[in-house]
Amino acid sequence: MMIKKDMKLSHTTNKDRNNCSNIIKFMIKHPFSVVISTVILIVLIEVTGYYMQNYLEKILPFAKVTFDVVIDSIFAIPILMISVYSIRQYLKVSENKMKAEEQYESVVNNIKEVVFQTDSNGLWVFLNPAWAEVTGYSVHESLGRNFIEFVYPEDREKNMALFQPLIKREKEYCRHEIRYLAKGREYCWIEVFARLTLDNAGNIVGTSGTLMDITKRKAMEQELMNKERLLQSVADATAILLTTMEQDQAFNKALEVLGKATMADRAYIFQNHFHSITKKEVVSEKYEWCNKNIEPIIDHPDLHEFSHERQGITRWYDILSSGNAINDHVCDLPVSEREALELKGVKTLVVVPIFVDNAFWGALGFHDCSQNREWTNSEIALLYTAAASIGGAIKRAEDEKQIQRLLRNDLKQTVQSLQNLVYKCKKNDKDEIYFTLFEGKLAEKFGLNTDMVFERKLSDIFREKTLKNIIDYFTNAFKGQMCHFELQYEGKTYYTSLSPIINHTQVVEVVGSAIDITDLKAAEEQIRYMAYYDTLTGLPNRAFFKEQLSFLISYAYRNNRMMAIMFLDLDRFKLINDTLGHAAGDELLKQTSIRLKQVVHEDDMIVRMGGDEFVIVFPEVFEEGNISRLAQKIIDVFREPFNINGHEIYVSTSIGISLYPYDGNDMDSLIKNADTAMYRAKEDGRNNYKFYTENMNKRALERLEMENNLRKALEKKELFIVYQPRINLKTSRLVGAEALLRWKQPTLGLVSPVEFIPVAEETGLIHPIGKWILYSACKQAKKWYDNGYSDFKVSVNISAVQFQKEGLVDIVREVLLETQLTPRMLELEITENTIMQNTERTVETIQELKEMGIEISIDDFGTGFSSLSYIKEFDSDNLKIDKSFIRDIGLSASNESIICAIISMAHSLGMSIIAEGVETIEQLEFLEDSDCDEVQGYLFSKPVSPEEFTALLHNRTIPTNPSNTYVG
C-alpha cells in the first residue's frame, strides 16, 4: 500500500522540517538576541577576514582593494539576508498580535456582561459597552470615577464589607449580589464577580471582573416570595376567623396578619349598614390595622356613617357591589376621590368586596402611604379569598347571635326557620344524655326534628363511629365547659358549639348549635394546597418539603433509622424548553411526575423543587443497595421517549443521593450534598446516579474555579485549535481536517474538552467560544486556500446548545463573509442526539446551511436513538461512525456486522462514511475491506497545530504510525 511505502521518507522529511521550524520560532521569539548574535558574528568574521587577507596577500598577487571587496562580499551578503529575514518575521508576528488584540476587543465589546477594571483607588479604568446598556450611564462619563458612586447608597457599606476578604487576600475572588444605580429607574440588581489585579511584585494595583444584570431574576424571586407569604397569611387569617370566637378580636388579628404579609401600611374593613336615625344605607370603617409610623384613621368622623353620594364615591359602590376590585394609584383617581385620600397620605390602594349570603356587606382594603405600588393579579385573587373567609366568619357570627337570641326565647317555630342546627340536651338519672330540642334547616337535611329525637339518647341518633368522636365534648359540656369542635357527618363538615346552662352551680342542660362550614373548609384546603403543592404537577412543593423534612429527620433520629434524599433533574431540559416552548416543557414535567409516581412507593415522598428539579425522600432505608436499585429503576423509566405535542422526545435524568445520618444531620446539609452528587453525575456523562462522598465538595469547588477561569480563557488567549487529518481510503490522500478546541490554563495545565465543554454549555459561554472557534477555523482554512490548498474541507463541531439557539445560520454567514472563505471548504458536524430535538426546526436550519454550499456531517452516529431511515430526512452529506464502534473491531463480530450495515445503508442513501478513532492497522484494513470512505485517528496523526498541519498538506499523503496510538 502507498501509505506504508512512504513511511521512512516522510519521517526523514518531517524531521528536517521540524528542525527548520524550531530555528525560525526561536528567531521570532527572540529577535534582539538574533541581532546581538549577528553583530558578534560580523565582528568575528571581520577579525578572521583581516588575518586571512594578510595571509593571502603574501601568497597571491592581487591588489589589497580587490581582496577587500571579495572578502566583504563573501561574508556580508548571507549576514544581510539573515538580518532581513529576521526583521520580516518580527514584523509579521507584530501584525498578528495586533489582529488578535482587535479580535479580543471585539469579543469584550459585544458580550452582554459588563467587563470592568479599577485601579487601586477603586476608580474605573475600563468598562465595556455593556455598562451603558445595564446602568444607562455612558462609559465616557463613568471612567475615572469611583465605582462606589454607582452602588445604590443603601448598599454601599454592605458592598465594601463584601470586598474586604478579597482585599485582605483571604479569598481569591468575591461573588455577590448588590444594587447599582441606574438611569431611568431607581436601581438595578447586579451579580458582581471580581478578582485582584497584581503587579509583578505581587502588589495590588486594582480589581477586574464582570457585572451581570440580574434585575429580572430578582424581581421574579421577589414576586414568588410575596405570593408564598400572602398565601400563608390568607391561610392563617382563615384559621383565626374559624377558631377565635370573639368577632372583634378575630377581625383585628386577621387584619394584622394580612397587613404584615402584604407589606401594606394600612389594612381595614368597611361595613355597609343603615343609619341609626335616617335609616338610609351608609358606610363606616369597622376595623383597622396600621404599620408603625402610620397614623390610624379609624377615629376620623368622616369615615363613620357617611353616604356614597356625600363623599362623591358612588363609583366605588357600583364597582365593588358588582364583585370587582378597585386597584389604583391615588394620583390617577378623579379629583373628588383623590383629594379625600391625599389628605390621609394615601398613594396606592386596593379594595375587594366582602359578600355575605350573596349580599354586598362591605369591603376589605389596603393602603400604601410610602410608595406607588403595583398589585399583581395573583395577589388580588388571594385578597378575594381572604374577603370570602371574612364573609364566612361574619355569616357565622350573625347566625350565632341570632341563635343566642332565639335560645333565650326558646321559640321553636323561629328556630325552624334558621339555616343552622339548634339543639338542647339533658341528662337522665342514669347519666345518659338525651335530646329535648332538634330544629333548624340543617335538621331537615339530617331528616330529623324535635318530635323524632325527643328524649332519645345520643347513641340512638348517631352511629358508633360518630358517637365515639363527639361523646367526650358532650361529657365536658355537662361538666360546665364551653366546647367547640368540627363534626364530620355524611361527607359534610359542621362547626359545633356546646354551651352549658348552669343553675346554682349545676349544669341543668346543654344548648348546642351547628353550622355547615364545608365550603369554608374547602376554601381553606385550597389555600393550603396552593401554598404547599405545585399547581403544574400536583406534587408537594419546596415549602412542603422543607416543613416535612424536619419531622422526618427527627423521626429517623428517634428510631435510629437511615434516610435517603434523592435529588434529580432532567438532562438538557433547558434545550427542550427553549426549542419547543414553555408549554412543551410544562407537559414534559407533568409526564415526568407521572412516571416517577409509577416507580416510587406511596410511603415515599416526591417533591418538585422548581424548574426541572425533583427530590424523592425515602424515610426508611435498610441498605444502600435498595436505593441503588431504585435509582437505576428511575433512570430506566426515562428510556422510553416522551410524546410531547406529536414530538418524540428522549430525555434522561441525573441523580444525586445523600444518606442520613452519614452525609448530614440537618436539612440543609442533606439537600446540598445530594445536589452536589447530582452535579457529579452530570459531569460523569449524565443519565446515571451518584452517592455523595466527601471529596465531591472539593470537586464542586474545582468546577466553580474552572467556570471562573473559563470565563476569562478567551480574553487571556488560553484557547487554541488543533487539526486532525481525514484520509480518503481510496486515494490515501489527505482530504480534510477536523478543528478541535483545546484549553491550556496556566494553573490547571491542559484541560480536557470532556471537562470544560459541558461547563461552557451550562453557563452559556459556548456561544462566544463557539463563534470564536468557527471564525478561527475558517480564517485558517482561508490561509491554506490562499496558499494553493483548495481541494479539502475543514470540519467544525457545533454543540447542541449552539445549534438550537436562533441565529446560527446568520452567524455562519457572517463568519464566511468576514473570512472570505468559500463555503464548500466548510463542513459542520452535528451530533446525532442534537438533530433529534425539535426536528422541524432542525430540518429548516440544515436546509439553509446547505443552500449556502456548506456540507453537514452527523457526528457520533450510533450513540443516540435515531436510525438511518430517520437520518435521511435531514439531507446530511456525511455520517461519522462513533469511535466506540471502531474500538471493538476485531473483538466483536456483531459489532463489525453493525459497521458494515451502517456503511452499506449510508451509501444507498447517498452519504459518505467517515470512521473516527482509528488506531490500529487491523481496524484500518477492516474499514478498507468494508468500503469505508474516509478515516481519521491516531494511527495517522494526532491533532496538530496549524503549522504542523500545513506540512502535512504539503505532502498530501500521511503514512500510518502505530506508535501514535492514543491510550487513555
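Quick caveat, the model's predicted, so the values are computed rather than measured.

Quick rundown of the pairing of strand S12 (residues 433-439)? Include the residues and the values.
Every other side chain in a regular strand lies on the same face of the sheet, so the side chains alternate between the two faces. Extensive coverage of S12 is indicated by the burial of 7 of its 7 residues. Looking at chain direction, strand S11 (residues 421-427) and S12 are connected through 6 bridges and run antiparallel. Paired with Lys424 across the bridge in S12 is Leu437. Connecting S11 to the next strand, S12, in antiparallel fashion are 5 residues, including Asp431 with a positive phi near 65 degrees.

Got a sec to walk through the nonpolar core? Specific residues and values, please.
By size, the foremost hydrophobic cluster in this structure holds 78 residues, and its most contacted members are Val812, Leu826, Leu828, Leu927, Val935 and Phe949. Take this core: its biggest share by element is 9 residues, from helix H27 (residues 766-786). Here Leu826 is in contact with Leu774, Cys778, Val794, Val796, Val812, Leu816, Leu821, Ile854 and Glu855, once residues within four sequence places are set aside. Counting residues in hydrophobic clusters, the runner-up holds 55 residues, among them Ala237, Ala254, Ile553 and Ile565.

Give a detailed account of helix H8 (residues 215-243), specifying residues and quantitative values.
The end-to-end C-alpha distance of H8 is 42 Å, a good match for the 42 Å that 29 residues give at a rise of 1.5 Å each. Among all positions in H8, only Lys218, Asn226, Leu230, Leu231, Ser233, Val234, Ala235, Ala237, Thr238, Ile240, Leu241 and Leu242 are buried.

Before we move on, could you go through the sheet that holds strand S2 (residues 124-127) and cite the residues and values that matter?
Spatial ordering of the open sheet is given by S2-S1-S5-S4-S3, a layout of 5 strands whose pairing is antiparallel. At either end of the open sheet lies a strand with only one pairing partner, and these are S2 and strand S3 (173-182). In this sheet, neighbouring strand axes are inclined to one another by 30 degrees on average, regardless of whether the strands run parallel or antiparallel. Across 3 bridges, strand S1 (residues 114-119) lies against S2 in antiparallel orientation. Residue Gln117 lies in a different strand from S2, and its bridge partner there is Phe126. Seen against the sheet, helix H7 (residues 156-167) touches S3, strand S4 (185-198) and strand S5 (204-213) and runs at an angle of roughly 155 degrees to S3. Of the strands in this sheet, S3, S4 and S5 are in contact with H8, which crosses S4 at around 120 degrees.

Residue-level account of the packing of H8 against helix H19 (residues 518-532), with values.
Remark: H8 packs on H19, axes separated minimally by 9 Å, with the N-to-C direction vectors making an angle of 155 degrees. For the element pair H8 / H19, the angle class is roughly antiparallel. The way H8 lies across H19 gives a crossing that is left-handed. Across from Leu231, Gln232, Val234, Ala235, Thr238 and Leu242 in H8, the residues of H19 making contact are Leu520, Lys521, Glu524, Ile527, Met530, Ala531 and Tyr532.

Any chance you could break down the sheet that holds strand S7 (residues 281-290) for me, citing the residues and the numbers?
Reading across the sheet, the 5 strands line up as S7-S6-S10-S9-S8 and stay open at both edges, with antiparallel pairing between neighbours. This sheet does not close on itself; its edge strands, each paired only once, are S7 and strand S8 (326-329). If you compare each strand with its neighbour and ignore which way they point, the axes differ by 20 degrees on average. Two strands pair when backbone bridges link them, and S8 and strand S9 (residues 348-356) are joined in this way by 4 bridges, in the antiparallel orientation. Bridged to Ile326 within S9 is Val351. Helix-sheet contacts for helix H9 (residues 247-262) involve strand S6 (266-274), S7 and strand S10 (359-368), and the interaxial angle to S7 is about 65 degrees. Across the sheet, helix H11 (residues 314-321) lies against S6, S7, S8, S9 and S10, angled at about 55 degrees from S9, the strand it touches most.

Quick one: what's the story with the pattern of salt bridges, residue by residue and with numbers?
Counted by the stated rule, this structure contains 41 salt bridges. The closest approach of N and O atoms between Lys457 and Glu432, which form a salt bridge, is 3.6 Å. Placement of Lys457 in the loop between helix H16 (450-453) and helix H17 (458-461) and of Glu432 in the loop between S11 and S12 is noted, with a sequence separation of 25 residues between them. On the basis of relative accessibility, which here comes to 28%, the residue Glu432 falls in the partly exposed class. Residue Asp636 pairs with Arg639 through a salt bridge whose shortest N-O separation is 3.1 Å. A residue is classified by how much of its surface remains accessible, and Arg639, at 46% relative accessible area, is partly exposed. A single salt-bridge network, built from bridges that share partners, covers Glu738, Glu829, Lys880 and Glu916.

Let's hear about the environment of Glu919: which residues, and what values?
Tracing the chain through its elements places Glu919 in the loop between strand S30 (912-916) and helix H35 (921-929). Taking relative accessible area as the criterion, Glu919 reaches 21% and is therefore assigned partly exposed. As a C-alpha pair, Glu919 and Leu939 span 20 residues in sequence and 4.4 Å in three-dimensional space.

Give a detailed account of the environment of Ser138, specifying residues and quantitative values.
Summarising the element assignment, Ser138 is placed in the loop between helix H5 (130-135) and helix H6 (139-142). A relative accessible area of 30% places Ser138 in the partly exposed class. Placed 11 residues apart in sequence, Ser138 and Leu127 show a C-alpha to C-alpha distance of 9.4 Å. The residues touching Ser138, leaving out its near neighbours within four places in the chain, are Trp131 and Ala132.

An account of the packing of aromatic side chains is requested, with residue identities and associated values reported.
Within the structure shown, the criterion is met by 33 aromatic pairs. Aromatic side chains Phe462 and Tyr489 sit 6.1 Å apart centroid to centroid with 90 degrees between the ring planes, which places their arrangement in the edge-to-face category. You can see Phe462 sitting in the loop between H17 and helix H18 (464-477) and its partner Tyr489 sitting in strand S13 (residues 483-489), a full 27 residues away along the chain. The two residues Phe462 and Tyr489 agree in class, both being buried.

Each value, and the rule that gives it
- Residues numbered from 1 in each chain as written.
- Predicted model: local features only at pLDDT ≥ 70, side-chain atom pairs only at ≥ 80, totals over all residues.
- Heavy atoms only, no water.
- Buried < 20%, exposed > 50% of the residue type's maximum accessible area, 1.4 Å probe, protein only.
- Helix = DSSP H or I, 4+ residues; strand = E, 2+ residues; numbered from the N terminus.
- Pairing = 2+ DSSP bridges.
- Core = buried A, V, L, I, M, F, W, Y, C linked by side-chain atoms within 4.5 Å.
- Contact = heavy atoms within 4.5 Å.
- Expected span 1.5 Å × (residues − 1).
- Axes fitted to C-alpha atoms, helices over the stretch in contact; angles between N-to-C directions.
- Parallel < 35°, antiparallel > 145°, perpendicular 65-115°, else oblique.
- Left-handed = near helix turned anticlockwise from the far one by under 90°.
- Salt bridge = Lys/Arg side-chain N within 4 Å of Asp/Glu carboxyl O.
- Phe/Tyr/Trp six-rings, centres within 6.5 Å; stacked < 30°, edge-to-face > 60°.

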